[in-house]
Amino acid sequence: MSGNTFGKLFSVTTFGESHGLAIGGVVDGCPPGLELNEEDLQGDLDRRKPGTSKYTTARREDDEVKILSGVFEGKTTGASIGLLINNIDQRSQDYSNIKDSFRPGHADYTYQQKFGIRDYRGGGRSSARETAVRVAAGGIAKKYLQQLFGIEIRGYISQIGPVVIDKVDHNVTNTNPFFCPDKDKIAALDQYIRDLKKEGNSIGARVCVSATNVPVGLGEPVFDRLDADIAHAMMGINAVKGVEVGDGFDVVTQKGTDHRDEISPKGFYTNHAGGVLGGISTGQEVLVQLALKPTSSISISGKTVDINGNAADIITKGRHDPCVGIRAVPIAEAMLALVLMDHLLRHRAQNSQVHSITPVIPAQRP
């Protein structure tokens, strides 16, 4: 199986399955001298981990990350950073009833056809369990970006089913189990997810993630455009079915006079482009939105086929999230951090001696 590595100069390779002994990864390209320990990574892992609230899967994982290499006397050495997270709460017996059937909406059928074999225990390699390693690796990138460039990356839930937020207060986001930045919508989300769980069903969600203080010039103008790599990163997150940068699909109804981000010496007037022009960062806030599908692991019977191609009915037992979008917030933050870190190092390698006669335009007019 190929395709387990993300990034060029700052790269992350992950390994492990949902019900294996452990999951882990190797981070290559981290510059030396960054102060780093497990606590720097644990905060985001705690935000992502299962079993933290009644609104997510009941699987209990400590998700305690161990740094195995690449750090000496509290600082990165420039060598590969090895990360390991043990699995401690596997219940493989929960999946014995689907051993010979394919869950509709999951990767069971495609894995079987591609590899001729599949790990049916929680989806094996296709499980969102793997994303814990991405969050840990993203924590390294986050710290480097923040300490050396002041880049802040923040995500939140903007919609779950019919419940849409009206305002964004980043101080509220991490005070509730929904990562919701609108305190007036938390009660509605609570009731909606409660009703959904009673029904045995699931729902999709919209996640927003942004980065501020991004320098001008990140991204390559053809195949490795910054927005293209962001879209690639976000689409690589389990259950993501759509990605928007800036105004996204709203541009369909906009005229050129509406969408263009006019510029003055004092700053950009607007940011419809989401901080990227021609695949290169403008210095404005990078704005990204993700649409996540409802999980198909539900307790309502559905139609499928078995491993021999015969018609069958299936009910997915076990412990599953009624809305996978909730725990996707720290994952989206991590993936945005990985993209920005990789492009920052690439920009530094090629363009560190470039000096433009044009002054840097402020991100937003005062």
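**Student:** So what exactly am I meant to see when it comes to the overall build of the protein chain here?
**Tutor:** When its secondary structure is counted, the protein chain shows eight helices and 18 strands. For a compact globule of 366 residues, the expected C-alpha radius of gyration is about 21 Å, and the protein chain comes in at 21 Å, within 12% of that figure. Projecting the C-alpha coordinates of the protein chain onto the three principal axes gives extents of approximately 70 × 50 × 40 Å. Taken across its 366 residues, the protein chain has 49% of its residues classed as buried. Look at the contacts in the protein chain between residues 6 or more apart in sequence, and 71% of them connect residues 24 or more apart. With an accessible surface of roughly 17,500 Å², the protein chain has 52% of that area assigned to carbon and sulfur atoms. Of the side chains in the protein chain, 41 bear a positive and 43 a negative charge, and the two mean positions are spaced by 3 Å.

**Student:** I'm lost on the pairing of strand 3 (residues 22-28) in this one. Help?
**Tutor:** Successive residues of a regular strand alternate their side chains across the two faces of the sheet. Burial of strand 3 is extensive: five of the seven residues sit out of reach of the surface. Of the pairings in the sheet, the one linking strand 2 (residues 11-16) to strand 3 comprises six bridges and is antiparallel in character. Of the residues in strand 3, the one forming a bridge with serine 11 is aspartate 28. Hairpin geometry of strand 2 and strand 3 is characterised by an intervening segment of five residues between the two adjacent antiparallel strands.

**Student:** Would you take a moment to explain the sheet that holds strand 11 (residues 240-245) for this structure?
**Tutor:** Strand pairing in a sheet takes place through backbone hydrogen bonds and is either antiparallel or parallel in direction. Here five strands make up an open sheet; going across it, the order is 9-8-10-16-11 and the pairing antiparallel. Unpaired on one side and paired on the other, strand 9 (163-164) and strand 11 mark the two borders of the sheet.

**Student:** How do you make sense of the environment of methionine 341 when you look at a structure like this?
**Tutor:** Here methionine 341 shows up in helix 8 (residues 328-351). For methionine 341, a relative accessible area of 0% translates into the label buried. Placed 311 residues apart in sequence, methionine 341 and cysteine 30 show a C-alpha to C-alpha distance of 9.1 Å. With residues near it in sequence (within four places) discarded, methionine 341 still touches Phe10, Pro31, Ala141, Tyr144 and Leu145.

**Student:** Help me understand the pairing of strand 10 (residues 205-212) in this model?
**Tutor:** For strand 10, the buried fraction is high: seven of the eight residues fall into the buried class. As defined by bridge partners, strand 8 (residues 152-160) adjoins strand 10 across eight bridges and the pair is classed as antiparallel. Across the sheet, the residue bridging to glycine 155 is valine 209, located in strand 10. As judged from the seven bridges shared by strand 10 and strand 16 (residues 286-292), these two strands associate in the antiparallel manner. Residue pairing for strand 16: serine 210 is matched across the bridge by leucine 287.

**Student:** Just checking my understanding: could you explain unusual backbone geometry for this structure?
**Tutor:** Peptide bonds are mostly trans, and most non-glycine residues show a negative phi. Backbone geometry at asparagine 213 places phi at a positive 65 degrees, although glycine is not the residue there. By the element assignment, asparagine 213 lies in the loop between strand 10 and helix 6 (226-235). Residues other than glycine seldom take positive phi values, yet alanine 239 does so here, at roughly 80 degrees.

**Student:** Mind showing me how you'd approach the environment of cysteine 180 here?
**Tutor:** Relative to the helices and strands, cysteine 180 resides in the loop between helix 4 (170-173) and helix 5 (186-199). Given a relative accessible area of 0%, cysteine 180 falls into the buried group. In this structure, the C-alpha to C-alpha distance between cysteine 180 and leucine 148, residues 32 residues apart in sequence, is 29 Å. Here cysteine 180 is in contact with Ile157, Ile165, Val172, Thr173, Lys185, Ile186 and Leu189, once residues within four sequence places are set aside.

**Student:** Sorry, what's going on with the packing of helix 1 (residues 38-48) against helix 8 here?
**Tutor:** What describes two packed helices is the angle between their axes and the distance between those same axes. Between helix 1 and helix 8, whose axes approach to 7 Å, the crossing angle comes to 140 degrees. In terms of their interaxial angle, helix 1 and helix 8 are classed as oblique. Across the interface between the two elements, Asp44, Arg47 and Arg48 of helix 1 pack against Val329, Pro330, Ile331 and Glu333 of helix 8. For the contact of helix 1 with helix 8, the class distribution of residues is three nonpolar, no polar and four charged.

**Student:** Which parts of the structure should I look at to understand the nonpolar core?
**Tutor:** Burial of nonpolar side chains together is a common tendency in soluble globular proteins. In terms of nonpolar packing, the biggest core is built from 74 residues, with Phe10, Ile160, Met234, Leu290 and Leu340 touching the most fellow members. In terms of residue count, helix 8 provides more of this core than any other element does, 14 residues in total. Excluding residues within four positions of it along the chain, leucine 340 makes contact with Leu145, Ile151, Ile153, Ala211, Val214, Leu218 and Leu226.

**Student:** How should the environment of asparagine 238 be read in this particular structure?
**Tutor:** Within the secondary structure, asparagine 238 sits in the loop between helix 6 and strand 11. If we ignore the near neighbours within four places in the chain, the residues touching asparagine 238 are Ser126, Ser127, Ala128, Thr131, Arg134 and Leu292. At a separation of 2.8 Å, a polar atom in the side chain of asparagine 238 contacts the main-chain carbonyl oxygen of serine 126.

**Student:** I would appreciate a short explanation of the pattern of salt bridges in the present structure.
**Tutor:** Opposite charge on two side chains makes pairing possible when the charged atoms of those side chains draw close. Under the definition given, this model contains 23 salt bridges. Among the ionic pairs, arginine 134 bridges to glutamate 130, the shortest N-O distance being 3.0 Å. In this structure, arginine 134 and glutamate 130 share a single accessibility class: buried. Glutamate 333 is the salt-bridge partner of lysine 142, the closest N and O atoms lying 2.7 Å from each other. Separated by 191 residues along the polypeptide, lysine 142 in helix 3 (residues 131-149) and glutamate 333 in helix 8 bring together distant segments of the chain. Here the two residues lysine 142 and glutamate 333 agree in accessibility, since each one is buried. One salt-bridge network, held together by shared partners, links Lys8, Asp224, Asp229, Asp342 and Arg346.

Reading guide: rules and limits
Residues numbered from 1 in each chain as written. Predicted model: local features only at pLDDT ≥ 70, side-chain atom pairs only at ≥ 80, totals over all residues. Heavy atoms only, no water. Helix = DSSP H or I, 4+ residues; strand = E, 2+ residues; numbered from the N terminus. Rg over C-alpha atoms; globule rule 2.2 N^0.38 Å. Buried < 20%, exposed > 50% of the residue type's maximum accessible area, 1.4 Å probe, protein only. Contact = heavy atoms within 4.5 Å. Areas by Shrake-Rupley, 256 points an atom, 1.4 Å probe, with all protein chains shown as cover. Lys, Arg positive; Asp, Glu negative; His and termini not counted. Charge placed at Lys NZ, Arg CZ, Asp CG, Glu CD. Pairing = 2+ DSSP bridges. Axes fitted to C-alpha atoms, helices over the stretch in contact; angles between N-to-C directions. Parallel < 35°, antiparallel > 145°, perpendicular 65-115°, else oblique. Nonpolar A, V, L, I, M, F, W, Y, C, P; charged D, E, K, R; others polar. Core = buried A, V, L, I, M, F, W, Y, C linked by side-chain atoms within 4.5 Å. Polar contact = N/O pair within 3.5 Å; in protein donor to acceptor, adjacent residues only side chain to side chain. Salt bridge = Lys/Arg side-chain N within 4 Å of Asp/Glu carboxyl O.

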